[in-house]
Amino acid sequence: MSGRSRMLLSEKHPMATERYNPRASEPKWQKAWDAKKLFEADNDDPRPKYYVLEMFPYPSGRIHIGHTRNYTMGDVVARYKRAKGFNVLHPMGWDAFGMPAENAAMQNKVHPKDWTYQNIAAMREQLKVMGLSLDWAREFATCDVDYYHRQQMLFLDFVEKGLVTRKSSKVNWDPEDMTVLANEQVIDGRGWRSGALVEQRELTQWFFKITDYAQDLLDSLEGLDDWPEKVKLMQANWIGRSEGLLIRWPLATPATGPAIGKVIDGEDELEVYTTRPDTIFGASFMAVAADHPLAKKAAEDNPALAKFIDEVHHMGTSVAALETAEKKGFDTGIRVVHPFDEKWTLPVYVANFVLMDYGTGAIFGCPSGDQRDLDFANRYGLPVIPVVMPEGENQGSFQIIDEAYVGDGVMINSRFLDGMKPDQAFDEVAKLLEQKTIGNRPMAERKVNFRLRDWGISRQRYWGCPIPMIHCEDCGVVPVPKADLPVKLPDDIEFDRPGNPLDRHPTWRHVKCPRCGKDARRETDTMDTFVDSSWYFARFTAPWANDPTDPKAATEWLPVDQYIGGIEHAILHLLYSRFFTRAMRETGHVDLAEPFRGLFTQGMVVHETYRVGSGSNSRWLAPSEVRLEDVDGKRRAIEIATGDEAVIGPLEKMSKSKKNTVSPEEITDGYGADTARWFMLSDSPPERDVEWTDEGAAGAHRFIQRIWRLVSTAAESLAGTRPAAAKEGEAGTVSKAAHKALKSVGEDIEKLAFNRAIARVYELANALSTPLNEAAEGKADPALKGACRQAVDILVHLIAPVMPHLAEECWQTLGGTDLVAERPWPVYDPSLVVDSEIVLPVQVNGKKRGDLTIARDADQGAVEKAVLALDFVQKALEGKAPRKVIIVPQRIVNVVA
RNA sequence: GCGGACGUGGCGGAAUUGGUAGACGCAAGGGACUUAAAAUCCCUCGAUCUCUGAUCGUACGGGUUCGAGUCCCGUCGUCCGCACCA
């Protein structure tokens, strides 16, 4: 458009501006940012560093709207911190190994590699549309040979430091995916991915010794001040520390005294773990797990017991099975002797509720103090001796019938412990038994137990990082020499059968032993994909480094200042990463223990569901397939194609199966990225779920157009005006509104309270609406013009973190020659964020009756005098003196009549 | 069962952490502009009543306080995590 025609147009319609067109505008500004490489972090930049990271996505093929909310939050922080003068690292990558690629290979005959890289390419393009200020120069995928090569280096370093072990253990076997799952990946007895019922199998597996760090991982939670309490609590529960006592109970044999029970050769004690040694006089039986060595031995000549053990093995592990499972046991015939009474023997049962892999796989049962033990005792007619009684109960009448008492109180029926508190009794029992001996060892020792297990990382899959180890018949398990790394995945691979394709590859597994040179075979297990995501944040600090990290860069950038992701990773990913960072410190790759200084868990994007038909004929409808109507205040959904009414279901996480998904393109194609970004952060607090609604998106877009109208109509008249804050009059009101908004938006972003920041921007836009229109109509005096010019500059900078494209467009229209993305955050004038006069609410007897407008710096005496002179106060007092006048400075006045 | 979080208009949510409850947005209703529509602008919007004012009101019942959405005790409800962990 020529200057002449522009002038004609503006003469005809002085107020007319075109609507803002995000489709033309957004790509333009994205190119401008890229051209200046504004988002590429320089490790040598001397400014203070700030590392903001969102949990990287799995390349499933499509970016989900939930992803974009997550990344937008990180982007707002990144853009804000950049404007505040930080050297910001904001990278992006791909968590690219895993089962879905293999499933696609099996179903669609695509190579997992091709499938994955194609998905990455598509998703990268989707992300770019969002205008995120990411450093794409550092992008990598965990399936890049470059990346898993370094992961193999780390693995070998961990092996050297003794952080890796290989042990035979019972594993959770997913029969559908035909692979092993970590305990953390078994949810309600089912595989976290396949949903298949998990079986128990005995396999030799590779483990990371995370339990070595159990205490440290627990203790260090306390220092994570910028983590949600909820996540810390979940981790603490998962680590599950308990303090107790190992007690060795002598088996009743001819040597120990009355040989009542069955005698097993070579067995003379039963070791149990208990957190309640104080209840030892309430013991009425012992119980061991079905896999306990004593149980196995006792079953050798006892077919009935062997049968029972077999039954326990086949018991379901589903929640339903566990909940309904009755406490069942089988008496082995073995007897133990009570540590404090040689004449007291107790039966040893095999019980279905005792777990082999916690404690020692054996317990003593105290029915009065433990519900499970009580259920068991009641079923098998074993004695129930109350040993702890609530304070103030009458011992004569206190009984335990079918509810165990687990609280605090006072010891009874416990000989020398009687009258003590349970805590004291605990210590007393520990002290006495530590002094007694059995064999050559003390009869008891204090022991801390953890629920946390070592992290099994072996997976019998192709699409993962090969474990760089070699099995040699003569030398045993030998690490691949570092010089021979990487162990690359073979490309020629068949997916015609389930199971591990690496295992049946014709040549790949055959190698020479690096130690003796004889024929040997490669480890064909690959690593759990949670290994890949346990250190990617460190790799981002120097993705070009030959070693896994560049320790200098890692030291400078880490910890991640702000990590943002879903609550679903509260345990697995975050705990593994905390362990990994410790292991990397041990091996010299980083110099810190805690990888994430600040953690934020964002809510999901949810949408209601629509369903037509009923029973087996019913089907789900996508939001785009229905039309919503409002009939007599009732919302109805109509299927557009058929006109049938659909049932509106509750808000649910967006999922393919229920078709309640909205794709980012549906929004960005029409309204643009800024609308999507603005909508996802407004209204709902970021930690809570946000409901995607068309009205909400439309509302966000209306605001974009409103800002554009406001700025562009005033732009011409403000063109030559120098920004200047005013203190008085209408101009002063404008300046104060702008500076107050500037202050609170900054504070809100620092706290990640994006919804509040957005509310403040709305307020500022509302406040500027009249003055800016006056300026556009030429009705503003120089003071007001200066104030408006400055306020509009501030407004543009305030919207920039959330609506970066619109901000650039506005800035250009206002005559800016640089980019908002490279401009500093404006500084507010402290004198403009406080008013010289304040309005104090005045209460009489705690109820608000009116206001008092008074100078901000008025002293208490002046405030009291002015309050007492108010009409409504005098009326309320009826001429009497007030009993009390409470003045909270700058806040409220309460007159007590 | 154990552990934790939460409960505010028609809706999403604010409330400086004990100081004006309902900011801001969505939805709804009314009006202006228009031949009309869209867009835009203005007004109303917790409930009740004797309506220029008053009373009630933050799940429910008590308590502490000059003052409670906020703190304490109890009840109900919702959500989340763990779950036979001795």
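Being a predicted model, the structure only gives us computed values, none of them experimental. (Residues numbered from 1 in each chain as written. Chains lettered and ligands numbered in written order. Predicted model: local features only at pLDDT ≥ 70, side-chain atom pairs only at ≥ 80, totals over all residues. Heavy atoms only, no water.)

### Overview of the side chain of Asn 449
Checked against the element boundaries, Asn 449 lands in strand β18 (residues 444–450). Judged by relative accessible area, which is 11%, Asn 449 ranks as buried. With residues near it in sequence (within four places) discarded, Asn 449 still touches Gly 240, Arg 241, Ser 242, Tyr 273, Tyr 358 and Gly 359. (Helix = DSSP H or I, 4+ residues; strand = E, 2+ residues; numbered from the N terminus. Buried < 20%, exposed > 50% of the residue type's maximum accessible area, 1.4 Å probe, protein only. Contact = heavy atoms within 4.5 Å.)

### Observations regarding the packing of helix α19 (residues 673–681) against helix α24 (residues 804–813)
One can describe the packing of α19 onto α24 by two numbers: an axis separation of 7 Å at closest approach and a directional angle of 120 degrees. In this view, α19 runs oblique relative to α24, as classed from their interaxial angle. Counted together, Ala 673, Asp 674 and Arg 677 of α19 and Pro 804, His 805 and Leu 806 of α24 form the full contact between these two elements. Taken together, the residues of the contact of α19 with α24 break down into three nonpolar, one polar and two charged. (Axes fitted to C-alpha atoms, helices over the stretch in contact; angles between N-to-C directions. Parallel < 35°, antiparallel > 145°, perpendicular 65-115°, else oblique. Nonpolar A, V, L, I, M, F, W, Y, C, P; charged D, E, K, R; others polar.)

### Structural notes on the nonpolar core
Of all hydrophobic cores here, the largest spans 171 residues; its most connected members are Phe 155, Phe 208, Trp 455, Tyr 536, Phe 580 and Trp 692. Considering every element that reaches this core, the biggest residue donor is helix α20 (residues 694–718), with eleven residues. For Phe 155, the contacting residues outside a window of four places in its chain are Val 164, Trp 206, Phe 208, Ile 457, Ile 467, Pro 468, Met 469 and Met 527. Judged by nonpolar contacts, the second largest core, of 43 residues, contains Val 272, Ile 280, Phe 308 and Ile 334. (Core = buried A, V, L, I, M, F, W, Y, C linked by side-chain atoms within 4.5 Å.)

### Things to note about the environment of Pro 723
When you line up the elements, Pro 723 lands in the loop between α20 and α21 (729–750). Spatially, the C-alpha atoms of Pro 723 and Lys 785 are 8.0 Å apart, while their sequence positions differ by 62 residues. For Pro 723, the residues in contact, after removing those within four places along its chain, are Gly 786, Arg 789, Gln 790 and Asp 793.

### Some words on the pattern of salt bridges
Any two side chains of opposite charge can pair, so long as their charged atoms come close to each other. One pass over the structure, following the stated rule, counts 58 salt bridges. Arg 415 serves as the salt-bridge partner of Asp 341, at 3.0 Å between the closest nitrogen and oxygen. You can see Asp 341 sitting in strand β12 (residues 341–351) and its partner Arg 415 sitting in the loop between β15 (410–411) and α13 (422–435), a full 74 residues away along the chain. Residues participating in the shared-partner salt-bridge network are Arg 248, Glu 269, Glu 271, Arg 441 and Glu 445. (Salt bridge = Lys/Arg side-chain N within 4 Å of Asp/Glu carboxyl O.)

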